[in-house]
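One-letter residues, chain by chain:
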Amino acid sequence: MWVTQTPESDPADRSRLLTPADVRALAERFGIRPTKTLGQNFVIDHGTVRRIVRVAGVGADDVVVEVGPGLGSLTLALLPHVRQVTAIEIDPGLAEALPGTVADHAPDLADRLTVVPGDAMRVTELPGPAPTALVANLPYNVSVPVLLHLLELLPSLERVLVMVQAEVADRITATPGGRIYGVPSAKVAWYASARRAGSVGRNVFWPAPNVDSGLVELIRRPEPSTKAPRREVFKVIDAAFAQRRKTLRAALSGWAGSAPAAEEALRAAGVQPSARGESLGIEEFAAIAEHRPE
């Protein structure tokens, strides 16, 4: 069931934001115990949530999707600046509690919030106007799958700013030729350009995670010009990186049906069969997918 609401503009107000004491009190009040299973680490620092909103560059016309709003720290920082926040929350208790928290801390902004209870990986549609931005502290254990799912599901997204594990941020933003360039970076490149937008320490969270975090900014761009469907291109990417040390001739043999067939597809795409996946950009992967043997 959707809890829905609409906008009105208002300047940001520091007093609306949750303090560390507020976060702990809300968790106790609603019987919330952060779990590693759901990747729950709640932001408790005002400076961090204000920084995320600032770097995201969202404004009064934006409809923002937030995944995993938790107790509402980032939600309350976003609401004064945007037209609407659509928050997807997998934890039923947190989903039920969020509208009340916003009503308590920012009653004049409560009508800008829509809560969608459920798993962001299983969402197939969202209520209200088409979202223009994704701004979220993504659960670390599913950050890349959630990001790819929403980029595909919501073509109206123009930009993204997400906080993820630092190592994942590096992988998403890696470029061809680098040691950590792989499946996440190649697949994200289908949809958008990516850059590291900053680092975040551990002490801004409760409970503090065992890793540092990073901010990743994505700007939507046209998909590669190719006759191959996205799913076929992604199959090539998966096969190319399944065994990184293998040449593409060997790595793509299963996808193509045999090593000679893979070599034929590679040469037709203008790619050397002795190359490895880490050397290719999204355009090359798309070209290979176009030449899959019948």
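Computed from a predicted model, the values in this text were never measured in an experiment.

Help me out: how do you make sense of the overall build of the protein chain in this one?
Within the protein chain, the secondary structure is distributed over 12 helices and 9 strands. In terms of overall size, the protein chain behaves like a compact globule, its C-alpha atoms giving a radius of gyration of 21 Å where 294 residues would be expected to give roughly 19 Å. Projecting the C-alpha coordinates of the protein chain onto the three principal axes gives extents of approximately 65 × 35 × 30 Å. Burial analysis of the protein chain (294 residues in total) assigns 51% to the buried set. Taking the contacts inside the protein chain whose residues are at least 6 apart along the sequence as the reference set, 73% of them involve residues at least 24 apart.

How should the nonpolar core be read in this particular structure?
Taken as a class, soluble globular proteins show a tendency for nonpolar side chains to be buried jointly. With 59 residues, the main nonpolar core has Val 67, Leu 134, Leu 252 and Phe 285 as its most contacted residues. Every residue in contact with Val 67, bar those within four places of it in the chain, is listed here: Ile 88, Ala 120, Leu 134, Val 135, Ala 136, Asn 137, Leu 138, Pro 139, Val 146 and Leu 150. Of all hydrophobic cores here, the second largest spans 43 residues; its members include Leu 74, Met 163, Ala 197 and Phe 205.

Would you explain the sheet that holds strand β5 (residues 133-137) in this entry?
Across a sheet, paired strands are connected by hydrogen bonds in the backbone, their directions being either parallel or antiparallel. Pairing in this open sheet of 7 strands is mixed, and the strands run β4-β3-β2-β5-β6-β9-β7 from one edge to the other. Looking at the sheet topology across the chains shown, the edges are occupied by β4 (113-117) and β7 (192-200). Within this sheet the neighbouring strands show an average axis-to-axis angle of 20°, counted without direction. Across 8 bridges, the pairing between β7 and strand β9 (residues 213-220) is antiparallel. Bridge pairing in β9 links Ser 199 to Gly 214.

Can you walk me through the side chain of Asp 62 in this structure?
With respect to the secondary-structure elements, Asp 62 resides in the loop between α2 (46-56) and β2 (63-67). We classify Asp 62 as buried; its relative accessible area is 8%. At 2.5 Å, the side chain of Asp 62 and the side chain of Arg 159 are in polar contact. Sequence-distant contacts of Asp 62, that is, excluding residues within four places in its chain, are made with Gly 57, Val 82, Arg 83, Gln 84, Thr 132 and Arg 159.

Whenever I open this one, the pairing of β4 confuses me. Can you help?
When you tally the buried positions in β4, you get 4 out of 5 residues, the bulk of the element. Note on the crossover from strand β3 (residues 84-89) through helix α4 (residues 92-105) to β4: the handedness is right-handed.

Can you help me understand the environment of Arg 249 in this one?
Structurally, the position occupied by Arg 249 is in helix α9 (residues 248-251). Residue classification places Arg 249 among the partly exposed residues on the basis of a relative accessible area of 32%. When neighbours within four sequence positions are excluded, Arg 249 is seen to be in contact with Ala 259, Pro 260, Ala 262, Glu 263, Leu 266 and Pro 273.

Looking at this model, I keep getting lost on the packing of aromatic side chains. Mind explaining?
Working definition: an aromatic ring pair is given by the centre-to-centre distance plus the angle between the planes. Applying the stated criterion across every chain, the model contains 5 aromatic pairs. Relative to Phe 241, the ring of Tyr 181 has its centre 5.9 Å away and its plane inclined at 75°; by these criteria the two rings are edge-to-face. Pair noted here: Tyr 181 is in the loop between α6 (166-173) and α7 (183-191) and Phe 241 is in helix α8 (residues 230-242), with a separation of 60 residues, a long-range link. Across the pair, exposure class does not vary: Tyr 181 and Phe 241 are buried alike. Ring geometry for Tyr 191 against Phe 234: centres 6.3 Å apart, planes inclined by 80°, an arrangement best described as edge-to-face. With Tyr 191 in helix α7 and Phe 234 in helix α8, this residue pair connects regions lying 43 residues apart in the sequence. Of the two residues, Tyr 191 and Phe 234, both sit in the buried class.

For this particular structure, what's the right way to read the confidence of the model for the protein chain?
Any region with low pLDDT has predicted coordinates that should not be read closely. Overall, the predicted model of the protein chain reaches an average pLDDT of 92, with 93% of residues at or above 70. Under a pLDDT of 50 for its full length, residues 4-12 has, in the predicted model, 27 contacts with residues more than four places off or in other chains.

It is not clear to me how the pairing of β9 should be interpreted in this structure. Could you clarify?
Consecutive side chains along a regular strand alternate between the two faces of the sheet. Within β9, 6 of the 8 residues are buried, which leaves the element mostly enclosed by the surrounding structure. In this sheet, β9 lies alongside strand β6 (residues 159-165) in antiparallel orientation, the contact comprising 7 bridges. Along β9, the bridge assignment pairs Val 160 with Leu 218.

Quick question: what am I supposed to make of the environment of Arg 195 here?
Turning to its location among the elements, Arg 195 is positioned in strand β7. In this structure the C-alpha to C-alpha distance between Arg 195 and Asp 170, which are 25 residues apart in sequence, comes to 8.9 Å. Discounting chain neighbours no more than four positions away, the residues touching Arg 195 are Thr 173, Leu 215, Val 216 and Glu 217. Here the side chain of Arg 195 touches Glu 217 through a polar contact of 2.6 Å, side chain to side chain.

Analysis parameters
Residues numbered from 1 in each chain as written. Predicted model: local features only at pLDDT ≥ 70, side-chain atom pairs only at ≥ 80, totals over all residues. Heavy atoms only, no water. Helix = DSSP H or I, 4+ residues; strand = E, 2+ residues; numbered from the N terminus. Rg over C-alpha atoms; globule rule 2.2 N^0.38 Å. Buried < 20%, exposed > 50% of the residue type's maximum accessible area, 1.4 Å probe, protein only. Contact = heavy atoms within 4.5 Å. Core = buried A, V, L, I, M, F, W, Y, C linked by side-chain atoms within 4.5 Å. Pairing = 2+ DSSP bridges. Axes fitted to C-alpha atoms, helices over the stretch in contact; angles between N-to-C directions. Polar contact = N/O pair within 3.5 Å; in protein donor to acceptor, adjacent residues only side chain to side chain. Right-handed = clockwise from strand over helix to strand, strands pointing away. Phe/Tyr/Trp six-rings, centres within 6.5 Å; stacked < 30°, edge-to-face > 60°. pLDDT = per-residue confidence, 0-100.

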